[in-house]
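Read off the chains here:
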Amino acid sequence: MLRLSKWGFLVLTTLQFMLGMLGNGFIGWVNGSSWFKSKRISLSDFIITSLAVSRIVLLWILLIDGVLLLFSSKLRDEGIVMQIIDVFWTFTNHLSIWLATCLNVFYCLKVASFSHPMFLWLKWRVSRVVIWMLLSTLLLSCCSAISLIREFKMYSVLGGIDETGNMTELFRKKEKEYKLIHVLGTLWNLPPLVVSLTSYFMLILSLGRHMQQMHQNRASSRDPSTEAHRRAIRVILSFLFLFLLYYLSFSVLTSSYFLPATKMVSMIGEVIAMLYPVGHSYVLILGNSKLKQMFVAMLRCEPGCLKPGSKGSVYR
């Protein structure tokens, strides 16, 4: 049974990794090519591209962690390998989550319509607000990684002078403290969740008011503003669903330190965790007209038809 579960875990992890690399790599290729050709990029495309790149790194980290969990759990849980994985995962995890949150805020400020002075002030300065959020995101991610490195240095010092029984007990105590901090670290994911939920409900309220006005004016319910509201709501709702799954898996993974059958729990958590960076990339593709058009063209065309100058090229 355990052998079968290991093979199932390996197949699912590899399949999700390939799908994630395809989706996020496609986003990076399309927006990167457009940026290179025109020498300019919109703020939304920049956020989506940065998000795709961070998730490519995150998927590689999850894959390496999953392979080590399967074939060398001792190496995974001890020494420099664990430290490297934890530091890179912490940085890319925070960066990816906050980049998606910045995108949700951008959609909300661009699409939603309210007469409140505070909202109007933010809406008129949407580019500046989002840019400051991006800079804060990068700073927060760096700080979280640096704080983790400092924790590791303290543990390595303790391990280096670990020759007496008392020091061994101290080292074990510090290790338990680190694991507890890891569990409590899940709370850092609550602020982006709250911000995204706020953006979602503001879009719902804005759409409701807009539909009421359209009904009073007896206008069509498929005007551009309504479609923009619905598209933004679908993207944010999909993000919230996948993020909640990711948050659940993250909680399972961090709590596995204190649970029996740790390896099986970790494997289940890893599989669920990969759904978020994989699934949300395809939500972004289908929610963006340029990416969707390119993706459909790539699926329908023969090999080589997407090269510049070819008959099926979308660049023409």
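Residues numbered from 1 in each chain as written. Predicted model: local features only at pLDDT ≥ 70, side-chain atom pairs only at ≥ 80, totals over all residues. Heavy atoms only, no water.

- By the naming in an unreviewed UniProt entry, the protein goes by Taste receptor type 2 and is assigned to Muntiacus reevesi.
- Its UniProt record, at the heading Subcellular location (unreviewed entry), says of the protein: "Membrane". (UniProt positions renumbered as here; feature names shortened; annotations may be inferred.)

1. Let's talk about unusual backbone geometry
Line of reasoning, step 1. Look at lysine 39: it is not a glycine, yet its phi comes out positive at around 65°.
Line of reasoning, step 2. As for its position among the elements, lysine 39 is in the loop between helix H1 (2–38) and helix H2 (43–71). (Helix = DSSP H or I, 4+ residues; strand = E, 2+ residues; numbered from the N terminus.)

2. Observations regarding the packing of aromatic side chains
Geometry of an aromatic ring pair is reported as the spacing of the ring centres plus the angle between the planes.
Line of reasoning, step 1. Considering all chains together, one arrives at 12 aromatic pairs under this definition.
Line of reasoning, step 2. A ring pair is formed by phenylalanine 26 and tryptophan 29, whose centres lie 6.2 Å apart and whose planes are at 50°; its orientation type is tilted. Of this pair, phenylalanine 26 and tryptophan 29 both sit in helix H1, separated by three residues, roughly a single helical turn.
Line of reasoning, step 3. Judged by its relative accessible area of 4%, phenylalanine 26 is buried.
Line of reasoning, step 4. On the basis of relative accessible area, tryptophan 29 is assigned to the partly exposed category, the value being 36%.
Line of reasoning, step 5. Plain terms: the ring middles of phenylalanine 239 and phenylalanine 243 are 5.5 Å apart, the flat faces sit at 15° to each other, and that makes the pair stacked. (Phe/Tyr/Trp six-rings, centres within 6.5 Å; stacked < 30°, edge-to-face > 60°. Buried < 20%, exposed > 50% of the residue type's maximum accessible area, 1.4 Å probe, protein only.)

3. Brief notes about the environment of asparagine 93
Line of reasoning, step 1. Its place among the elements puts asparagine 93 in helix H4 (residues 79–111).
Line of reasoning, step 2. The spacing of asparagine 93 and serine 54 is 39 residues in sequence and 8.2 Å in space, taken between C-alpha atoms.
Line of reasoning, step 3. Once residues within four sequence positions are removed from consideration, asparagine 93 is found in contact with Leu58, Asn189 and Tyr246. (Contact = heavy atoms within 4.5 Å.)

4. Some words on the side chain of asparagine 104
Line of reasoning, step 1. Within the secondary structure, asparagine 104 is located in helix H4.
Line of reasoning, step 2. Ignoring sequence-local partners within four residues, the contact set of asparagine 104 consists of Ser196, Ser199, Ile236 and Phe239.

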